[in-house]
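# Descriptive analysis of the structure
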Amino acid sequence: MRKMSLITTFANFISGGIFGASLTAAGVYSPAVIVGQMKLTDFQMLKTFITASLSSAVVIFLARKLSLSGSTARRPSSLSLVNVYDGNILGGLLIGLGMIFTGACPGTVFPQFILGIPSAPYVLLGGLIGGILFTILKPHLPSQPSSENKKYTIHGKANISEGLGVFLYEAFGLAILQATRLYFPERGAGFVQPVTGGLLIGLAQACHIILTGNTLNVSGAYEQLGAFFLYLLSSPNSSRPALRSVIFAAGVLAGTWTISHVIYIPRAEVPEVINRIGKAGWILGGIALSFGARIAGGCTSGHGISGMGLLGISSFVSVAAMFAGGIVGAVFL
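Let me begin by describing the structure that accompanies this report. Because the structure is predicted, anything quoted here is derived from the model rather than measured.

### Considering the overall build of the protein chain
Along the protein chain, the regular secondary structure elements total 14 helices and zero strands. Ordered by position from N to C terminus, the α and β elements of the protein chain give α-α-α-α-α-α-α-α-α-α-α-α-α-α. Against the 2.2 N^0.38 benchmark of 20 Å for 333 residues, the protein chain shows a C-alpha radius of gyration of 18 Å, consistent with a compact globule. Along the three orthogonal principal directions, the C-alpha set of the protein chain runs to about 55 × 50 × 45 Å.

### Topic: the side chain of Lys47
Position of Lys47 among the secondary structure elements: in helix 3 (residues 44-65). A relative accessible area of 1% means that Lys47 is categorised as buried. Lys47 has contacts with Leu177, Thr180, Arg181, Phe184, Pro185, Glu186 and Pro194, leaving out every residue within four places of it along the chain.

### Here's the deal with unusual backbone geometry
A negative phi angle characterises most non-glycine residues, just as the trans form characterises most peptide bonds. Not every positive phi belongs to a glycine, and Ser80 is a case in point at roughly 55 degrees. Positive phi values are uncommon outside glycine, yet Asn159 reaches one of about 60 degrees. With respect to the secondary-structure elements, Asn159 resides in the loop between helix 7 (154-158) and helix 8 (162-183). A relative accessible area of 62% places Asn159 in the exposed class.

### A short note on the pattern of salt bridges
Taken as a whole and judged by the stated rule, the model has three salt bridges. Residue Glu223 pairs with Lys138 through a salt bridge whose shortest N-O separation is 2.8 Å. Of this pair, Glu223 sits in helix 10 (residues 220-232) while Lys138 sits in the loop between helix 6 (120-137) and helix 7, and the two are 85 residues apart along the sequence. For Glu223, a relative accessible area of 14% gives the class buried. Through salt bridges with shared partners, a single network forms among Lys138, Glu223 and Arg294.

### Regarding helix 10
Helix length check: helix 10 (13 residues) gives 18 Å between terminal C-alpha atoms against 18 Å at 1.5 Å per residue, within 8%. The inward-facing, buried residues of helix 10 contact helix 5 (109-114), helix 6, helix 11 (244-260) and helix 12 (272-296).

### Regarding the side chain of Ser119
Locating Ser119 in the fold gives a position in the loop between helix 5 and helix 6. Not counting residues up to four positions away in its chain, the partners in contact with Ser119 are Thr102, Gln112 and Trp282.

### Concerning a nonpolar patch on the surface
A contiguous nonpolar patch, built from Val58, Leu62, Leu66, Leu68 and Ile210 and spanning about 500 Å² of accessible area, is present on the exposed surface. Judged by its relative accessible area of 35%, Val58 is partly exposed.

### Overview of the environment of Ala32
Looking at where Ala32 falls in the secondary structure, it is placed in helix 2 (residues 31-38). Sequence-distant contacts of Ala32, that is, excluding residues within four places in its chain, are made with Glu269 and Pro271.

### Some details on the nonpolar core
Counting 58 residues, the largest nonpolar core has Phe19, Met45, Met99, Val109, Phe110 and Phe323 as its most contacted members. Ranked by residues supplied to this core, first place goes to helix 3 with eight residues. Residues in contact with Phe19, not counting those within four places in the same chain, are Ile201, Ala204, Leu216, Val218, Phe248, Val252, Ser301 and Ile305.

The rules behind these values
Residues numbered from 1 in each chain as written. Predicted model: local features only at pLDDT ≥ 70, side-chain atom pairs only at ≥ 80, totals over all residues. Heavy atoms only, no water. Helix = DSSP H or I, 4+ residues; strand = E, 2+ residues; numbered from the N terminus. Rg over C-alpha atoms; globule rule 2.2 N^0.38 Å. Buried < 20%, exposed > 50% of the residue type's maximum accessible area, 1.4 Å probe, protein only. Contact = heavy atoms within 4.5 Å. Salt bridge = Lys/Arg side-chain N within 4 Å of Asp/Glu carboxyl O. Expected span 1.5 Å × (residues − 1). Patch = residues over 30% accessible without salt bridge, like charges linked within 9 Å, V, L, I, M, F, W, Y side chains within 5 Å. Areas by Shrake-Rupley, 256 points an atom, 1.4 Å probe, with all protein chains shown as cover. Core = buried A, V, L, I, M, F, W, Y, C linked by side-chain atoms within 4.5 Å.

Written out as structure tokens, the structure is:
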């Protein structure tokens, strides 16, 4: 396994810091915001999410045109059980259930940990366990297609240009965003308003592409940590797994710590329903978050912010499953 250069390590750490700061300023790390979204009582998360995805779509499109990034849409994650997207559906459902049981996403749990949310250490522990489980099971899962296929994207499927696809996505997304802003007023859980927070995350996407050439994705850190844990238990001749995503996650932690000491970050509200779930439930939720993210091939950042920005069909399927899992799970809490 080729070692990362010092420059690559630094670039991933810095871009992680920018992303962590933007998540924190936007306030979408708050358990109350995440649970409120799944209960359909607070739409701050959706507003931020849509803005981040729309701004990322423009950033990624320009980056591809300027040859700053060769990122392509995520391929379907298939378990070969029902259809080509069954892995995206199952993984997305697990992420959604994990979100409603922990009040966290695979990425937002890092800011929660720094900001002292009581559930965060247990969710992170569950995330590590989920990463280990996935690493053990990965060799037994169906292999994914290795070649790029334009039919994996909305514009490829519709036989239109990428530029027109992005334009239509922007128009559709802005219409939804305006509707949510009109019918669901802001509550101000973050340092900035939701749209501004989404634009900050879009800026973080631009910085990540410029610094690393890749698009944002956090959940890979759990798989890499799981692989590294198993590496420590393996024979001395085993090759060390990559840790690029882990370095990025460390940057998210540092970025949250830094911005929380520079500006006033409103104290995050933890819903009583999350407190009632308890430590064992938080760990199980963390397992669902990380294991589901790896089954789906991405999380709310990898699929939602980056994948949808690339107009990937698998990303739209995964995100729909995430919200479905969270909304259905909220009914039973």
